[in-house]
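Commentary on secondary and tertiary structure
Chain by chain, the residues:
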Amino acid sequence: KHSSDNEDGEDDIDDLSLEEIRRALASRLTIGKIIDDQRHPRVLNEFTLDGIVEYIKEGKAKNIIVMAGAGISTSAGIPDFRTAGTGLYDNLEKYQLPYPQAVFDIRYFVENPKPFFLLAKELYPSKFKPTPSHYFVKLLE
């Protein structure tokens, strides 16, 4: 089962298990048993980091999308936005903002740019070292 229509006519993928998602991806990448070479041609020679590197080096990857979350930066000490207690939005009291997201709101910035620039100075990259994930994404450019 890949998706089902809910009352609103929208797809509901919440019912998918991690195993179903893994099997679907494995099928599309022809990892494991190959059922039909015409419908599911082999994409990778092997499902390893070396297999992915080979695929990219051979020029077969036309567009590469990196899906990442705050975790690639939090390991460098850069706070995420929403974690209670340590997240960026929980630690903006000193800027006396009307609401936490105002620091990134262009309408608020036009009225009062000072909180944004103070925060930017505090988070300026010279304080943080890129993580291996950051370097990997940079290599893909």
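Notes on the pattern of salt bridges
- Tallied over the full model, the rule gives four salt bridges.
- For Glu-58, the salt bridge identified is with Lys-60, shortest N-O distance 2.9 Å.
- What makes Lys-60 partly exposed here is its relative accessible area of 42%.
- In this structure, Lys-138 and Glu-141 form a salt bridge, with 2.7 Å as the shortest nitrogen-oxygen distance.
- For Lys-138, a relative accessible area of 54% translates into the label exposed.
- The exposure class assigned to Glu-141 is exposed, which follows from its relative accessible area of 71%.

Examining the confidence of the model for the protein chain
- Across the protein chain, the average pLDDT comes to 79, with 78% of residues at 70 or higher.
- Taken element by element, the protein chain is modelled with least confidence in strand S1 (residues 4-5), mean pLDDT 44, and with most confidence in helix H4 (residues 106-111), mean pLDDT 96.
- Below pLDDT 50 for its whole length, residues 1-6 participates in 15 contacts with residues either more than four positions away or in separate chains.

Quick word on the side chain of Thr-131
- Structurally, Thr-131 can be placed in the loop between helix H5 (114-123) and helix H6 (132-140).
- Of note is the side chain of Thr-131, whose polar atom sits 2.9 Å from the side chain of His-134.
- The residues contacting Thr-131, other than those within four sequence positions of it, are Ile-72, Ser-75 and Ala-76.

Some points on the packing of aromatic side chains
- One pass over the structure, following the stated rule, counts five aromatic pairs.
- Summarising the aromatic geometry, the rings of Phe-109 and Phe-116 are spaced 5.6 Å apart at their centres and angled 90° between planes, so their arrangement reads as edge-to-face.
- Residue class for Phe-109 comes out partly exposed when judged on its relative accessible area of 25%.
- Ring pairs connect the aromatic residues Phe-81, Tyr-89 and Phe-104, which therefore count as one cluster.

Comments concerning the environment of Pro-113
- Here Pro-113 is to be found in the loop between H4 and H5.
- In this structure the C-alpha to C-alpha distance between Pro-113 and Val-103, which are 10 residues apart in sequence, comes to 8.3 Å.

What counts and how
- Residues numbered from 1 in each chain as written.
- Predicted model: local features only at pLDDT ≥ 70, side-chain atom pairs only at ≥ 80, totals over all residues.
- Heavy atoms only, no water.
- Salt bridge = Lys/Arg side-chain N within 4 Å of Asp/Glu carboxyl O.
- Buried < 20%, exposed > 50% of the residue type's maximum accessible area, 1.4 Å probe, protein only.
- pLDDT = per-residue confidence, 0-100.
- Helix = DSSP H or I, 4+ residues; strand = E, 2+ residues; numbered from the N terminus.
- Contact = heavy atoms within 4.5 Å.
- Polar contact = N/O pair within 3.5 Å; in protein donor to acceptor, adjacent residues only side chain to side chain.
- Phe/Tyr/Trp six-rings, centres within 6.5 Å; stacked < 30°, edge-to-face > 60°.

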